[in-house]
Amino acid sequence: DAKTTQPNSMESNEEEPVHLPCNHSTISGTDYIHWYRQLPSQGPEYVIHGLTSNVNNRMASLAIAEDRKSSTLILHRATLRDAAVYYCILRENYGGSQGNLIFGKGTKLSVKP
Amino acid sequence: DTGVSQDPRHKITKRGQNVTFRCDPISEHNRLYWYRQTLGQGPEFLTYFQNEAQLEKSRLLSDRFSAERPKGSFSTLEIQRTEQGDSAMYLCASSPGLKSSYNEQFFGPGTRLTVL
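Residues numbered from 1 in each chain as written. Chains lettered and ligands numbered in written order. Predicted model: local features only at pLDDT ≥ 70, side-chain atom pairs only at ≥ 80, totals over all residues. Heavy atoms only, no water.

Student: Tell me about the state of the cysteines, and please be specific about residues and values.
Tutor: Taken as a whole and judged by the stated rule, the model has two disulfides over all chains. Across the disulfide from Cys22(A) sits Cys88(A); the S-S distance is 2.1 Å. Of note, the bridge from Cys22(A) to Cys88(A) carries an S-S torsion of about -85 degrees and is left-handed in sense. Of this pair, Cys22(A) sits in strand S2 (residues 18–23) while Cys88(A) sits in strand S8 (residues 84–92), and the two are 66 residues apart along the sequence. One exposure class covers both Cys22(A) and Cys88(A), and it is buried. Covalent S-S linkage joins Cys23(B) and Cys92(B), the inter-sulfur distance amounting to 1.8 Å. Taking the sign of the S-S torsion, about -70 degrees here, the bridge from Cys23(B) to Cys92(B) comes out left-handed. Here the residue Cys23(B) occupies a position in strand S3 (residues 19–24), and Cys92(B) occupies one in strand S9 (residues 88–95), the gap between them amounting to 69 residues. The exposure classification of Cys23(B) matches that of Cys92(B), with both residues buried. (Disulfide = S-S within 2.5 Å. Helix = DSSP H or I, 4+ residues; strand = E, 2+ residues; numbered from the N terminus. Buried < 20%, exposed > 50% of the residue type's maximum accessible area, 1.4 Å probe, protein only.)

Written out as structure tokens, the structure is:
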């Protein structure tokens, strides 16, 4: 699986937007970009995924660079509950894929009131 | 169905003892995964089941580790002759499998193992 690079930590103020970057310069044409997050003392939870086009869901938006070598997870209004470690993961995604996730260290997001 | 459950949530044991953890996945999820997470690191893949078949094992899964999913529903992870290096959070996840075009993984809360 291709490698991702994320900042170790980021800080945000409550109710402000947060942009979490991820570099994946060796991404292959069949790799999807996945984001999971892990709240303190919990297992990881799915946030969003995409292939080429920008994606939105109720939790976040995913902006994917045109060359797909980087992406940004956008939290539109950070809340204290968004304080977590955010993982950017690449893997092939189709129904037949085994798909165990390969986690890096992620970005620890702190949200200040 | 409230999600993936794991039991126990915490386990403290002495070095050399055997421990067993249980994972109950979301109903009708075909795929079940075990991960291990140490402090400050992301989860590391251990093994994966498609129904009752164990299809892949990581090199992290030494001979002292064994996992089963006998009826394709719940799974157990046993560690024999525990060592202090086994201290970690053990996470279970499940996903729909071939019935879904996207296999989002749903994680349980984990079992925290402390080996004294």
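From this point on, the discussion continues.
Student: An account of the sheet that holds strand S8 (residues 75–79) of chain B is needed here, citing residue identities and associated values.
Tutor: Residue and element names in this part refer to chain B. One open sheet accounts for four strands, arranged S1-S3-S8-S7; its pairing is antiparallel. Taken across any chain shown, the strands that pair with only one partner, and hence form the sheet edges, are strand S1 (5–7) and strand S7 (65–68). Between one strand and the next, the sheet's axes are offset by a mean angle of 15 degrees, whatever the strand orientation. As defined by bridge partners, S3 adjoins S8 across five bridges and the pair is classed as antiparallel. Looking at S8, one finds that Arg22 is bridged to Thr76. (Pairing = 2+ DSSP bridges. Axes fitted to C-alpha atoms, helices over the stretch in contact; angles between N-to-C directions.)

Student: Talk me through the environment of Asn13(A); I want residue IDs and the actual numbers.
Tutor: All names here are of chain A. Its location among the elements puts Asn13 in strand S1 (residues 9–13). Relative accessible area serves as the criterion here: at 32%, Asn13 is assigned to the partly exposed category. Sequence separation of Asn13 and Ala78 is 65 residues, and the distance between their C-alpha atoms is 7.1 Å. Residues in contact with Asn13, not counting those within four places in the same chain, are Ala78, Val111 and Lys112. (Contact = heavy atoms within 4.5 Å.)

Student: Give me the lowdown on the packing of aromatic side chains, citing residues and values where you can.
Tutor: All names here are of chain B. Counting across every chain of the model gives twelve aromatic pairs over all chains. With 5.4 Å between their ring centres and 40 degrees between their planes, Phe21 and Tyr90 make a pair best called tilted. Pair noted here: Phe21 is in strand S3 and Tyr90 is in strand S9, with a separation of 69 residues, a long-range link. When sorted by exposure, Phe21 lands in the same class as Tyr90, which is buried. The interplanar angle of 40 degrees and the centroid separation of 6.5 Å between the aromatic rings of Phe65 and Tyr90 together place this pair among those described as tilted. (Phe/Tyr/Trp six-rings, centres within 6.5 Å; stacked < 30°, edge-to-face > 60°.)

Student: An account of the side chain of His29(B) is requested, with residue identities and associated values reported.
Tutor: All names here are of chain B. Structurally, His29 is set in the loop between S3 and strand S4 (31–37). A polar contact is formed between the side chain of His29 and the side chain of Ser94, at a distance of 2.8 Å. Separated by 3.4 Å, the side chain of His29 and the backbone nitrogen of Ser95 make a polar contact. In this view, His29 contacts Arg69, Ser94, Ser95, Pro96 and Phe106; residues no more than four positions away in its chain are not counted. (Polar contact = N/O pair within 3.5 Å; in protein donor to acceptor, adjacent residues only side chain to side chain.)

Nothing here speaks to function; it is geometry throughout.
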